[in-house]
Each structure stands twice: as C-alpha cells, then as structure tokens.
Amino acid sequence: MSPEPIMPSIEILGLEKTYQVGFWRKRPKQALRPLHLQVEDGEIFGFLGPNGAGKTTTLKLLMGLIFPTSGSARILGREWTDPAVKAQIGFLPEQPYFYDYLTAHELLEYYAQLSGVPGKLRRQRIEQVLHQVGLRDVQGVQLRKFSKGMLQRVGIGQAILHDPKLVFFDEPMSGLDPMGRREVRDLMEQLKQEGKTVFFSTHILSDAEALCDRVAIIHKGEVLRVGAVDDLTSSVRGKVEVIWQGSQIPASIKALGAECHVTADMVRAILDEKHQDAVIDALRRERLRLVSVTPVRTSLETYFVEKLRHAETTAGSIAGGA
Amino acid sequence: MKTSIPHIASNTFREAVRDRVLYNLIAFALLLSGAAILVGQISIEIEKLVVINLGLTAVSLFGVVIAIFIGIGLVSKEIEKRTLYTVLSRPVRRWEFIVGKFFGLAGTLTVNTFFMAIGVFAALFYVSHRFVRADALIFVALYFIILEFLIVCSLALLFSSFSSPLLSAVFAFSLFVIGSFSEDLRNFASMAHGVSRWLATGAACLVPNFSAFNVIASIAHEQPVAVQLILQNTLYALFYAAMALSGAVLIFEHRDLK
Amino acid sequence: MKPRRKITGIASVTLLLSLAASSFILHRVDQLRPQATLDEVLFLSSPTVIQRASLGYDGLMACIYWTRAVQYFGYRHHYHAASYNLLAPLLEITTRLDPHLIIAYEFGASFLSPKPPQGAGEPQRAVELMQYGIQQNPDNWHLYYDLGFVYYMDLRDYKKAAEIFQQGSQLPHAHPFLKILAAQMAQHAGEYDTARMLWSATYENTQDKQIKENAIEHLRALRVDEDVQHLQEAVTRFGERTGHLPENIAELAAAEHLPGVPVDPDGQPYKLTPDGRVEVRVPDDFPFATMGLPPGYTPKPTLRDYH
C-alpha cells in the first residue's frame, strides 16, 4: 500500500525487444528500443505511431505474451509478471479473434471464470457489459456469425468484464462504424470517470486528440516524444497563414519573423496570431493585394507528421526524450 | 489458490464437442453393428473373438486419431488465431493452460471411449446373448487403451507447443508407430554394443512403449492380465505423460507468441 | 522474471524425474510381460494380411520383419532357448513381402531346420521356404544350395540332396562346387569331408555374420567329432594290444607316435576318462559337437520357455 494517492499505473523501465530473423543466418531485428514510459493513475494515455512502429510489441510485452530482451516494468505497483497483476488489468488485442464455437455469453462466462469473477456476480456482470458495449440480441448466436465490428465490441467487453483498474486497448476503434467509434469514445470517457486508467494504442490521431490526457509518439521502435496533447501541439498553435498577390515581401513583415514562401504570383506567410493586424497594415501600406488570412490547423496530426518527417531526415538519431 | 485448469479443461472439452468430434461414434457404431451382423452369418465360434478384437482395436485407433488431430491444434491453433492473447492476459499461468488443455483432451477421449465401450458390450451381447465373467477383462483392455490415450495426448500437446499442426501430426503419428514397435528397439538395445547400445537404450526410454498396453488379442482369448501389469502400466503412463507435459510446459513457458 | 524461473525449474525437475521413473517402470514391465501375456510379436500371422496391411510398402515391411526375425533368433539363441516357434512364420512373412530377399532363405536354411537350441527344428518348413524361394527366384543357384543343404544336413536324404545340387549346378552362373557336391553325395554321404565342404561353402558364400559364425561353429564341431572318432579308435587299438586302457591321453599319444598331446580347436588337450572315453575339456564351447561329450550332456537353456 503506497501512501501516495498518485502511484503511477504503469512504469516501463527500459523494456527492449530484439527478434532474431532469418532462418539460416540469424540477424537481430530491433522491434523495440529501450522504452521508458510512465502512465499515471486515472489518465487516458494514447500510444501513437504508424503501423509497425512497435505499439503492439509493447502491449504484448506488458501482457507477458512475449518476453523482453532486457528491461522490466511495474504495473499497478507490482512486478509486471506477477500473476496477481493480471486480475486487475484488461486487454483488448488488435483485431481480436475468439473461440468462434462459443456464444458471446459463453465466451464472457469463460473469461469471467478465468479472471476469478465470483460465480453469483457473473451473469449480472455479463449482461451489464454486453449492454455497455452495445451488443443486444446476441443470446445463442455463435461468434462465428459475428461481424468484425461486433467482435470488436465483444473484445472490449471481455477487457472490462472483470472490472479492471487498468485497461489496455490495442487499436480499439478499428473495424467500427462511425456510431461505434463514438460509442467506444464515450465508453473510454466513462471508464475514466470511474477512475480507471486507459492505455490505448492507435494510429488515428483524431481519436487520441479527442480523448487523451497524454500521448506518447512511437516510431520505428523508439519513443519520439511524450506529453500532454496541448503541450505537443503548442509549437504549431496560434499561427495564421496570410496570402497576398505578387512576389514582394515587405521588410516590415520579414521583421515580424514570418516564414514566407514565394510561388508564381503569390506569397504565403506563416506567423504568430498576434502579428496578424500588423501584417495587414503593412500590406495596405505597400498596396499589396491581400488574398486570405486563415488560422493554421492546430492539430496533433500536424505535429505528428512534422515529428515523423523530422525523425526520418535525422535517421532516428533523436534521443527520444529518454 | 484458485486455478484455471478446470475451466480450460472444460472449454477444451466443449470445443471438441462443438467441433462434432463425437460424430466418430456414429461411424464406430456402424462399423461394429455391421461387423456383428456379418460375422454372425459366417461363423458361430469365432464371432465373439472377432467382435472383441475388432471393437477394441477400433476403440484404440479411433481414439488415437482423435487424440492426434485435436491434440496437435490445441496450442498452435490458439497461437495462430490469437485466441490465446485474451486468455494469457488473465490470471492464467502458461503451465495451467497446458495442463488444462491436457485434461480437456483426455476427458474428451474418456467420454468418447465410454460411449464406444457401451457399443462393444452391446455388440457382444448381440452375438453371445449373455455376459460371462471373462468379459470383465474387456474393462482392463479399455483401461489400457485410455492409458495409451494419455500418452498420445501428452505427446500431441508437446509437439503442438512448438510446431505447426501439420508437422505435429507427422511427429505424433510417427511416434505412435514407433511406440508400437518399441519392443524391437529395446531388443536391439539389449543386443547391441558400444555407442549404438547407448543410443538405442536412450531412444527406447524416450519413445513411448505401447506394446505393453495392447492386450486385446490375449483378452479375446480370455487370458487374464496380471495385476502387476495393470499397476506398472498405470505408473508408466502417468510418468510418461508427466514427462511429455513437462517438456511442453518448458517449451511453452519460454515461447514468444507471435 | 521470478515466477517464470520457478516454473522452469519445477518443470525441468519433473521432466527428469518422470523420465527416470518411466524408464525404470518400462524395465519392470518388460520383465513382467512374457508372464502376463502371450508373446505377441506376431499379432498378425498371416503373410497375406500383412501384405495387404502394408499398403504397398512391402519392401519396408519386409525389412522390418527381417530385422525382427534376426532379432528374435539372436535374442533367443543367446539364451539357448529351447524353441523358436516364431522363426518360421517371421521368415515366411518376410519372404512373402519381399520374395527376393535371398538372405532370409539362407538364414532359414541355417537356423530353421537344426534341432533346438541351435535352430527351430522344423526342417520341413525350411524345405517349404526354400521351395518357395526357388519358385520366386528360379535362376538363383544359392537357393538350390540352401535346399540341398537342408536335405543333407537335417533330413539326411542324400539322394534328394544330390538331385537338388545337380539341378542347381545347371543354372547359368552356378558355382562349380555344386557339381562337385552333387557327385560327392553319391559316394561320400555322411563323411566328415562332405560336411566340411558344405559348411565351408556356406561360410564363403554368405554375407551374414550370424550365418558365418554358425558355419565356423559347425566346422569346429566337425573337427572335434573327427578327432574324437580317431582317438577313440586308437584307444580301442591300445586296449587290444596291451590288454588295458591307457592311463591318460599322453600315454595314448606316445603309443600312437603322435607329435604331441592332441588338442581341440581351442587348443585344449583332449582328456581321457577312467572308463576309456575321449572327451573335450569344455563341452559348452562346442555346441554342435556330437562326440567327445560327457554322457547325458545337454547345453543348459538359460531362457525360460514360454511356449
């Protein structure tokens, strides 16, 4: 029992995974560079990265499905391999697949048994979860008849079935229609309201932006940046794009620190919001014709793309905040 | 401490039943009733002999085939389909998974054998119209057959823990054949010298020994089976299955699940 | 990592203990089994059924059965078994599966007809095996030799033996000695030289170690028989001349002007019993000898007989 109320839910201490690939001559392939990460209690944490970045590898390491080359982790204050930890966590794998000869009820019953949900609570809990993930009228239907979206819902259901303190979702929105995505978002918000910690991986940034308290960006097995969504996007926030005709750039605008690009007969300048009026005044003085003034999209996506491009050009030499 | 073994075992049993494994019983029933009727027309004296020989041999072979074909998929199929992810991320230890699977499969085969045994006795009653004391020996043969299944299950599971279903089937089936000839291997070992003796002795200890479990022929002739043999065979089957399962646990415990 | 290491440890220990225990029990079961159940090396004894059951892989099955036959014989022979009931069926199955496995017929000729413990004591089945072999391989003179051999050695039917050798000698690539053997049969049947010739031929014409060893044993026994016969005649002569038996073998050797004390093929001097019988020192070393053995001597079987 820690006296601190804010004990971290997950502490990843240099987990690292190197696979041996090739049949005859084995070559090491680093799937995950030493990863350090801390997820606080009660937050929704987004694990972002393009396909093949190492998100699933990290989750599988944490679930004990694969074994790290080195490093360790603590989950809910215990060693991550401790079986007692597993009773308190839920896991939704990417594109989950279940015993298709079972019905949703039977599957959840089985999982509830494995997770040690007491017998008399099981039925009630199963009904509750099925309702929560929006699966109705599935009594007696074997899972082999389920659509991909329905399976995804079953997957989310089994992850929260035993009322875990911490849930891991690997691409929770995949395979869902817009309504479904909406519902899953609401569900995750609800889990947060209940005081649970949610750790989810995604490559869809709008989801992360809408939900996450903090995110980590991972690329080629390496964490590039960790922080609150607001902090990460601040570098591209509060900027405006000003476009005018001609090829002339007045010296006063340059002095404002604008970033200017000249095309055939237009100039495009990006600068701080607060200099917007000064620029317009300057253009009027120089009798240049203003075309447009638009705020730059302040999304995580912009940051993400920029960060990845940067990582590509520097060939991954960034220390990655570690 | 709570263990997941019974839950995993019962789910394995349920899977086998839902996969219509028990349908083999229909084929078995057809075979046996057909044989009983046919034999009755051919010869009066040996019909009982044929029913016992054919019935018990079919029980054994059907069971071995089922054991191999379910057993080889028990672990590898779950890895391949990733159904294992949501099981092992629960408070289920890997060795419990292996042991649970073993009991599930062994249970399936025992139930299957039970139904087949009813069939054998029914056919026997049909041809001889009564039961005699010596017929109780059939229980010994059935018991030995179940012991044999325990060994086959554990081997199939062992192969399944590291190899693809197809290769596992080949391995398990080869070992079954070798195991049926293992007596020759041991004879060879007792006559060989030097390195080949060591190798043969080692191999003879590693491969399963099925010859001691096959008492069908002698039971058909109403020859009693020594109590010592029942005891020793029981111990042998248990230890051998324990050995193969430990091997499976050792491999599975260190496996990365792709 | 700790729980995993613990399980690894426990599983390793269980594995080793189970292996040791199962090997130990296996040994006990093996000792138990001949008493518990009948010898079921031959679950199926019909060559036709086995041929069907081998699904066309007759060659492989033949090899398996051939190995079994050799092992079966070798194992029982090692313990001086008093019967070899399965040898004939095993060889019959083997040759049915692969009729061109000449070595199996050779093996049958050497070990099927002699009386136990040297063979199965079934000369008639040996003859049938050879006849089947000849029918399947009419151009192979070895089989004629083997058949003639059985007629000569075990059935003592010298006329028939001569006939077979004669037939064999007419085959395209027949070894010349078949002709000599055929001629020998008429005049010298039952003589040591003829037997010696046959066994030498067997020795020289086989690749099989067991058959070779068997031939050597027979040649050694022939020498013992011949020696003892000569010495026994000498003893009789000595008695007629002097009116009493020689004291020992040395006295006999001196009287006969032999260069030294006569010795058996192992270099052991022959001995003379007080009642004037010439004997070998170690009868067990000459399992095929018919003379020079203590009265009532039989090699002791060490394997209990289950048939």
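Residues numbered from 1 in each chain as written. Chains lettered and ligands numbered in written order. Predicted model: local features only at pLDDT ≥ 70, side-chain atom pairs only at ≥ 80, totals over all residues. Heavy atoms only, no water.

Mind showing me how you'd approach the overall build of chain B here?
Looking only at helices and strands, chain B has 11 helices and zero strands in total. For chain B, the α and β elements follow one another from N to C terminus as α-α-α-α-α-α-α-α-α-α-α. Relative to a compact globule of 258 residues, whose C-alpha radius of gyration would be 18 Å, chain B shows 20 Å and is just as compact. Overall, the C-alpha framework of chain B stretches about 60 × 55 × 35 Å when taken along its three principal axes. For chain B, the residues scored as buried account for 55% of the 258 residues in total. The contacts in chain B between residues at least 6 apart in sequence include a share of 84% that link residues at least 24 apart. Only carbon and sulfur atoms are counted for the fraction: they give 74% of the accessible area of chain B, which is about 10,900 Å². (Helix = DSSP H or I, 4+ residues; strand = E, 2+ residues; numbered from the N terminus. Rg over C-alpha atoms; globule rule 2.2 N^0.38 Å. Buried < 20%, exposed > 50% of the residue type's maximum accessible area, 1.4 Å probe, protein only. Contact = heavy atoms within 4.5 Å. Areas by Shrake-Rupley, 256 points an atom, 1.4 Å probe, with all protein chains shown as cover.)

I'm lost on the overall build of chain C in this one. Help?
The secondary structure content of chain C amounts to 12 helices and two strands. Each helix and strand of chain C, ordered N terminal to C terminal, gives the series α-α-α-α-α-α-α-α-α-α-α-α-β-β. Per-residue burial over chain C gives 47% buried out of 307 residues. Partitioning the contacts of chain C with sequence separation of at least 6, the portion at a separation of at least 24 is 57%. When the accessible surface of chain C is split by element, carbon and sulfur atoms take 56% of a total near 15,500 Å².

Quick question: what am I supposed to make of the sheet that holds strand β4 (residues 70-75) of chain A here?
To summarise the sheet geometry, strands pair through backbone hydrogen bonds and adopt either a parallel or an antiparallel arrangement. Residue and element names in this part refer to chain A. In space, the four strands of this open sheet follow the order β2-β1-β4-β5, with antiparallel pairing throughout. The open sheet has two edge strands, β2 (27-39) and β5 (78-79), and neither has a second partner. Of the pairings in the sheet, the one linking strand β1 (residues 10-21) to β2 comprises 10 bridges and is antiparallel in character. Looking at the pairing, Ile 12 lines up with Leu 37 of β2. (Pairing = 2+ DSSP bridges.)

Explanation requested: the interface of chain A and chain B in the structure shown.
Buried accessible area, meaning the area lost when the parts come together, often serves as the stated size of an interface. Residue-level contacts link 33 residues of chain A with 28 residues of chain B. Between chain A and chain B, the buried area comes to about 2,900 Å², and carbon and sulfur atoms account for 54% of it. On the chain A side of the contact with chain B, A:Leu65, A:Tyr101 and A:Leu114 bury the most area, a combined 24% of that side's loss. Along the contact surface separating chain A from chain B lie two salt bridges. Note that A:Lys17 is salt-bridged to B:Asp256, the shortest N-O span being 2.5 Å. Looking at the side of chain A that touches chain B, the elements that each hand over two or more residues are β1, α2 (83-86), β6 (89-92), α3 (104-114) and α5 (148-160) of chain A. A class-by-class count of the residues in the side of chain A that touches chain B yields 19 nonpolar, eight polar and six charged. (Buried area = accessible area lost by both parts, 1.4 Å probe. Salt bridge = Lys/Arg side-chain N within 4 Å of Asp/Glu carboxyl O. Nonpolar A, V, L, I, M, F, W, Y, C, P; charged D, E, K, R; others polar.)

Where do I start with the environment of C:Pro116 in this structure?
Residues and elements named next belong to chain C. If you trace the backbone, Pro 116 turns up in the loop between α5 (102-111) and α6 (123-136). On the accessibility criterion, Pro 116 (34% relative accessible area) is partly exposed. Sequence separation between Pro 116 and Ala 81 is 35 residues; the distance between their C-alpha atoms is 7.4 Å. Contacts of Pro 116, omitting those with residues within four sequence positions, involve Ala 81, Ala 82, Ser 83 and Gly 121.

How should a nonpolar patch on the surface be read in this particular structure?
Judged by side-chain polarity, B:Tyr23, B:Ile26 and B:Leu30 come together as a nonpolar surface patch covering roughly 360 Å² of accessible area. Accessibility expressed as a relative area gives 53% for B:Tyr23, which makes it exposed. (Patch = residues over 30% accessible without salt bridge, like charges linked within 9 Å, V, L, I, M, F, W, Y side chains within 5 Å.)

Mind showing me how you'd approach the sheet that holds strand β8 (residues 197-202) of chain A here?
Residues and elements named next belong to chain A. Within the open sheet, the six strands sit side by side as β6-β7-β8-β3-β9-β10. Their pairing is mixed. Edge positions in the open sheet fall to β6 and β10 (222-228), since each of these has one partner strand only. Ignoring strand direction, the axes of neighbouring strands in this sheet form an average angle of 15°. Bridge analysis of strand β7 (residues 166-170) against β8 gives five bridges, and the strand direction is parallel. Looking across to β8, one finds that Leu 166 is bridged to Thr 197. Relative to β7, helix α1 (residues 55-62) is tilted by about 145°, and along the sheet it contacts β3 (44-48), β6, β7, β8 and β9 (214-219). (Axes fitted to C-alpha atoms, helices over the stretch in contact; angles between N-to-C directions.)

Teacher, can you tell me more about helix α3 (residues 58-78) of chain C here?
Taking 1.5 Å per residue as the helical rise, α3(C) with its 21 residues ought to reach 30 Å, and the 29 Å between its terminal C-alpha atoms agrees with that figure. Within two residues after α3(C), C:His80 carries a phi angle of roughly 50°, on the positive side. (Expected span 1.5 Å × (residues − 1).)

Whenever I open this one, helix α11 (residues 209-242) of chain C confuses me. Can you help?
In an α-helix, one turn spans 3.6 residues; hence positions three or four apart end up facing the same way. Counted at 1.5 Å a residue, the expected span for α11(C) with its 34 residues is 50 Å, and the 49 Å between its end C-alpha atoms agrees. Immediately downstream of α11(C), the backbone of C:Gly243 shows phi near 85°, a positive value.

Looking at this structure, I do not really get the environment of A:Ala73. What am I missing?
Inspection of the secondary structure assignment puts A:Ala73 in strand β4. Here A:Ala73 is in contact with A:Glu11, A:Ile12, A:Leu13, A:Leu15, A:Leu62, A:Arg78, A:Glu79 and A:Trp80, once residues within four sequence places are set aside.

I keep staring at the domain arrangement of chain C and nothing clicks. Help me out?
Here chain C is described as being made up of domain 1 (41-137) and domain 2 (215-285). Each of domain 1 of chain C and domain 2 of chain C has a C-alpha centre, and these two points are 40 Å apart. (Domains from an automatic or database assignment.)

Whenever I open this one, the confidence of the model for chain C confuses me. Can you help?
Fine structural detail should not be taken from predicted coordinates in areas where pLDDT scores are low. Residues and elements named next belong to chain C. The predicted model of chain C averages 80 in pLDDT, with 89% of residues at 70 or higher. Within chain C, α6 carries the highest mean pLDDT (91), whereas helix α2 (residues 47-53) carries the lowest (73). Counted against residues more than four places away or in other chains, residues 301-307, with its pLDDT under 50, gives 17 contacts. (pLDDT = per-residue confidence, 0-100.)

I would appreciate a short explanation of the packing of α5(C) against helix α7 (residues 141-153) of chain C in the present structure.
Two quantities define a packed helix pair, namely the angle between the helix axes and the distance between the axes. Residues and elements named next belong to chain C. Axis separation between α5 and α7 bottoms out at 9 Å; the angle between their running directions is 15°. Considering their axes alone, α5 and α7 lie roughly parallel with respect to each other. As α5 runs across α7, the sense of the crossing is left-handed. Residues Ile 102, Tyr 105, Glu 106 and Ala 109 of α5 form the contact with α7, whose participating residues are His 142, Leu 143, Asp 146, Phe 149 and Val 150. A class-by-class count of the residues in the contact of α5 with α7 yields six nonpolar, one polar and two charged. (Parallel < 35°, antiparallel > 145°, perpendicular 65-115°, else oblique. Left-handed = near helix turned anticlockwise from the far one by under 90°.)

I would appreciate a short explanation of a positive patch on the surface in the present structure.
Together, A:Arg144, A:Lys145, B:Arg20 and B:Lys81 give the surface a local cluster of positive charge. Note that B:Lys81 resides in the loop between α3 (47-80) and α4 (83-88). (Lys, Arg positive; Asp, Glu negative; His and termini not counted. Charge placed at Lys NZ, Arg CZ, Asp CG, Glu CD.)

Got a minute to help me understand the pattern of salt bridges in this structure?
Where charged atoms from two side chains of opposite charge come close, those side chains can pair. Tallied over the entire structure, the rule returns 31 salt bridges over all chains. The partner of A:Asp272 in a salt bridge is A:Lys274, and the shortest N-O contact between them spans 3.5 Å. By relative accessible area, A:Asp272 is classed as partly exposed at 29%. Two residues, C:Glu92 and C:Arg125, come together in a salt bridge whose shortest N-O distance is 3.0 Å.

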